[in-house]
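# Results of the structural survey
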Amino acid sequence: MIVKFFKLLWAALKDIYHQFAYFVALSMVFCFLMLPTAFVYFTFTWAIFTLPIFLIGSILVPPTITMLYTLVDPRMQLTHPEVRELPGMWLRSFKRSWLIALYTILPLIIIGWNIAYFSGSDHALQILVPLWVVMWIFIYVFTHYCFCLSGTLESGPRNAFRGGMFVMVKYPFRAVFLSLGMIVLGYAFTITLLPMLVFGPTFFAAVVTRFVFDALEVYVDDPELPTDERAWERERGLNEEKPLIQRMFRKDARQ
């Protein structure tokens, strides 16, 4: 299980490597769209002029998350949608994204508020804090699973819920490690700021997508694999590739 976990993580890192400039641009655009909501949420600067900004920014959050997963789909490495197609894709995902957010993001907010409010207090409900923490960890990764299915497979709320639950139940320990890793790395990226801005969102989306595709057995082409023609040549020893050292220090044929 551990070996498979790191294999999927390595596959996501290769996705970023093969499309680094694209992922960086996508990550920066995503952070820009999330900036109004994040600023009000993290600074708690609630005022008459910040409330409309927060509300408008919050409306953008669910469909933008869905679009992020759509655009990091490893099956689209060579066929990215054109820029003029993105507004239509975003609008088509608006309804299903918000329906998914109502049964994923909303419980996260409520349970997170309960943890923050009752933790360390003398209230009788304090005994439920450990249970709420465990619930929050599972719902957090379940939320990513659902938005991944909404973005990559265009699943509606019902299918996204079923698919996300299937992935989580099929690999529960993987879900826990993935959730905790995303929380820890997300906190570290946010504190240092630059990693989150440059590749944070796309990195997390790429990792979650690889884990979801593996659980659902969705086939993804490996761009590093040779073509059928090249594989046929290798089987027969034709046009063999010389090691890098030999290519660097090969002698001139005229000598």
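Just above, that's the structure.
Let us look at the structure shown here. (Residues numbered from 1 in each chain as written. Predicted model: local features only at pLDDT ≥ 70, side-chain atom pairs only at ≥ 80, totals over all residues. Heavy atoms only, no water.)

### Some remarks on the packing of aromatic side chains
Enumeration over the complete set of coordinates arrives at 15 aromatic pairs. Plain terms: the ring middles of Trp90 and Phe94 are 5.6 Å apart, the flat faces sit at 55° to each other, and that makes the pair tilted. On the accessibility criterion, Phe94 (29% relative accessible area) is partly exposed. Seen in terms of ring centroids, Trp113 and Tyr117 are 4.9 Å apart; in terms of plane orientation they differ by 10°. Their pairing is stacked. You can see Trp113 and its partner Tyr117 sitting in helix 6 (residues 105-118), 4 residues apart, about one turn around the helix. (Phe/Tyr/Trp six-rings, centres within 6.5 Å; stacked < 30°, edge-to-face > 60°. Buried < 20%, exposed > 50% of the residue type's maximum accessible area, 1.4 Å probe, protein only. Helix = DSSP H or I, 4+ residues; strand = E, 2+ residues; numbered from the N terminus.)

### Brief notes about the pattern of salt bridges
One pass over the structure, following the stated rule, counts 5 salt bridges. Ionic pairing is found between Asp214 and Lys4, a salt bridge with its closest N-O pair at 3.2 Å. Here Lys4 lies in helix 1 (residues 2-18) and Asp214 lies in helix 11 (residues 200-216), a separation of 210 residues in the sequence. Where Arg174 meets Asp214, a salt bridge forms, and the shortest distance between an N and an O atom there is 2.9 Å. Here Arg174 is found in helix 9 (residues 172-192), whereas its partner Asp214 is found in helix 11, with 40 residues between them in sequence. For Arg174, a relative accessible area of 5% translates into the label buried. One network of salt bridges, in which partners are shared, links Lys4, Arg174 and Asp214. (Salt bridge = Lys/Arg side-chain N within 4 Å of Asp/Glu carboxyl O.)

### Notes on the nonpolar core
Grouped together as the largest cluster of nonpolar side chains are 53 residues, with contacts concentrated most on Tyr69, Tyr145, Leu178, Val208 and Val212. Broken down by element, the residue count for this core peaks at 11 residues, all from helix 7 (residues 129-152). Setting aside its immediate chain neighbours within four residues, Val212 contacts Tyr145, Cys148, Leu149 and Val167. (Core = buried A, V, L, I, M, F, W, Y, C linked by side-chain atoms within 4.5 Å. Contact = heavy atoms within 4.5 Å.)

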